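# Coordinate analysis (summary)
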Amino acid sequence: MVQAAPRPSRLSSQARLGTPVQCVPLPGNPTEAAPTTGNISTIKMTGDAAYSSGGTRQKQEGKLWDSVKTTGVILGPGLLMFAAFRNSVTWHLQKFWGASGDFWQARWEQVHHLLGGNEWAIFLLGTALVPSLVYWSFNGLLMVADVTGKPSFITRYRIQLGKNDPVDRVKLRQAVHTVLLNQAFISLPMVMLMLPIMKWRGQPCSKELPTFHWFLLELSICVLLEEILFYYSHRLVHHPLLYKRIHKKHHEWTAPVGVVSLYAHPVEHVFSNMLPLLVGPIILGSHVASIMVWLCLAILATSISHCGYHLPFLPSPEFHDFHHLKFNQCYGVLGVLDRLHGTDTLFKQTKAYERHQVLLSLTPLTESIPDGPKKAK
């Protein structure tokens, strides 16, 4: 009969508890030894750990490669779609501009002829009269809502609930008076001084309008320059030496209204309100028609930022409204430099930041994203 091979004896309790290992040569290889007793479980765990580490590394490399492939799959078609969309939009804009270009060119020639080609009249029409009409038309409607509390389709979108409801009429009259003085004795002389500089650069009042592409480029550069110049000049007037003497006047309104956008000390009006808007057109040698459109857009933007209402389908005013509420946050126009310098960190922790979006419905954001319960003092 064949006898069964003897079963190996179990390790002693002493070996399991970690007694030093005694080794004997392995058959056929006297240079290698096998443990006879000792902490075999430790050796096994070391091998498992090495295997686990290798497997984890392989899994990480596999996940990284999967991420790269996924990114390529997403970005590839995305870039193609973006390029196609951009070309399509550019084509449609060119078609629109070409179709309407003759119309606007004809209207401009009529205005030019009506004013007898007088450069001063043409320039002041585009840089002073039309932007002022836009400013007072928009803010006049808002002042009616501020004073009367009507119509409700405006007042229901108030940002700081319970503030300026209704507005202090004495304080509002003071603001209007200051704005009129700034426009008459600062803005007007500055744009009048601008014309000789622009004539030195080119022909700002010529009969020929700029091309659509050049106008878009001008607009982009003007927006960028305004962001840079306004942000740093604004932070400068927040310096303790300047704030009390200059900028505090503007911050009398912790809950602003639209007309307050130009309510400022004369020094601030020059360096923070006017120069950031005029430097771009001066550098570029812009046509007066381009300057007119740019000033109107900038005036509407700053009026919306100060209006105190988050109205549907208009740019969000939450960013600058929060600046008036807290003073040391949100200095810029676009918010790009605030993010770079970290001057929007507190704003990002608030409900106002969640509401900082274009409202695409008729439900006020103070209802859809209400403030949290106030902490008890």
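Residues numbered from 1 in each chain as written. Predicted model: local features only at pLDDT ≥ 70, side-chain atom pairs only at ≥ 80, totals over all residues. Heavy atoms only, no water.

Regarding its fold elements, the chain presents 13 helices and two strands. Per-residue burial for the chain yields a buried fraction of 34% across its 377 residues. Accessible surface computed for the chain: about 23,400 Å², of which carbon and sulfur atoms make up 66%. (Helix = DSSP H or I, 4+ residues; strand = E, 2+ residues; numbered from the N terminus. Buried < 20%, exposed > 50% of the residue type's maximum accessible area, 1.4 Å probe, protein only. Areas by Shrake-Rupley, 256 points an atom, 1.4 Å probe, with all protein chains shown as cover.)

Most of helix α10 (residues 318-326) is tucked away: seven of the nine residues are buried. Among all positions in α10, only Glu-318, Phe-319, His-320, Asp-321, Phe-322, His-323 and His-324 are buried. Packing partners of the buried residues in α10 comprise α6 (212-237), α9 (288-306), α11 (336-341) and α12 (351-354). Positioned one or two residues after α10, Phe-327 has a phi angle of 75 degrees, which is positive. (Contact = heavy atoms within 4.5 Å.)

Along the chain, the position of Ile-283 falls in helix α8 (residues 266-284). Note on Ile-283: relative accessible area 49%, which makes it partly exposed. Residues Ile-283 and Met-198, 85 residues apart in the sequence, show an inter-C-alpha distance of 8.9 Å. Once residues lying within four places of it in the same chain are set aside, the contact partners of Ile-283 are Arg-201 and Leu-225.

For the rest of this paragraph, the subject is the packing of α6 against α8. Following both chains from N to C, one finds α6 and α8 inclined at 145 degrees, their axes separated by 8 Å at the closest point. The chirality of how α6 crosses α8 is right-handed. Residues Trp-214, Glu-218, Ile-221, Cys-222, Leu-225, Glu-226, Leu-229, Phe-230, Ser-233 and His-234 of α6 form the contact with α8, whose participating residues are Phe-271, Ser-272, Leu-275, Pro-276, Leu-277, Val-279, Gly-280, Pro-281, Ile-283 and Leu-284. Its residues assigned to classes, the contact of α6 with α8 shows 14 nonpolar, four polar and two charged. (Axes fitted to C-alpha atoms, helices over the stretch in contact; angles between N-to-C directions. Left-handed = near helix turned anticlockwise from the far one by under 90°. Nonpolar A, V, L, I, M, F, W, Y, C, P; charged D, E, K, R; others polar.)

We now examine the packing of aromatic side chains. Within this structure, the stated rule accounts for eight aromatic pairs. Plain terms: the ring middles of Tyr-135 and Trp-136 are 5.0 Å apart, the flat faces sit at 90 degrees to each other, and that makes the pair edge-to-face. Tyr-135 gets classed as buried once you look at its relative accessible area, which sits at 1%. With a centroid separation of 5.6 Å and 85 degrees between ring planes, the pair formed by Phe-347 and Tyr-353 is classed as edge-to-face. In this structure an aromatic cluster arises from ring pairing among Phe-319, Phe-322, Phe-347 and Tyr-353. (Phe/Tyr/Trp six-rings, centres within 6.5 Å; stacked < 30°, edge-to-face > 60°.)

With that out of the way, let us pick up the layout of surface pockets. Put simply, the largest pocket is a space of about 940 Å³. Along its surface, the largest pocket is lined by 45 residues, and Glu-226, Ala-298, Ile-299, Ala-301 and Thr-302 are the ones closest to its centre. Elements supplying a minimum of two residues to the lining of the largest pocket: α3 (119-148), α5 (169-201), α6, α8, α9 and α10. Examining the composition of the lining of the largest pocket, we find that ten residues originate from one element, α9, more than from any other. Residue classes in the lining of the largest pocket are distributed as 24 nonpolar, 19 polar and two charged. (1 Å grid on protein atoms, 1.4 Å probe; cavity = no way out; pocket = protein on both sides within 12 Å on 5 of 7 lines; lining within 4 Å. Points joined across faces, edges and corners; volume = space filled by probe spheres on them.)

Tallying each qualifying case throughout the model produces six salt bridges. Its salt-bridge partner being Glu-119, residue Lys-199 comes within 3.0 Å of it at the nearest N-O pair. Taken as a pair, Lys-199 in helix α5 and Glu-119 in helix α3 lie far apart in primary sequence, 80 residues in all. Here Lys-199 falls in the partly exposed class, since its relative accessible area comes to 43%. When its relative accessible area of 23% is taken as the criterion, Glu-119 is described as partly exposed. Across the pair Asp-344 and Lys-348 runs a salt bridge, and its minimum N-O distance is 3.7 Å. Judged by its relative accessible area of 5%, Asp-344 falls in the buried class. Given a relative accessible area of 33%, Lys-348 falls into the partly exposed group. Several salt bridges converge on common partners, so that one network encompasses Glu-318, Arg-355 and Asp-371. (Salt bridge = Lys/Arg side-chain N within 4 Å of Asp/Glu carboxyl O.)

By themselves, these figures tell us nothing about what the structure is for.
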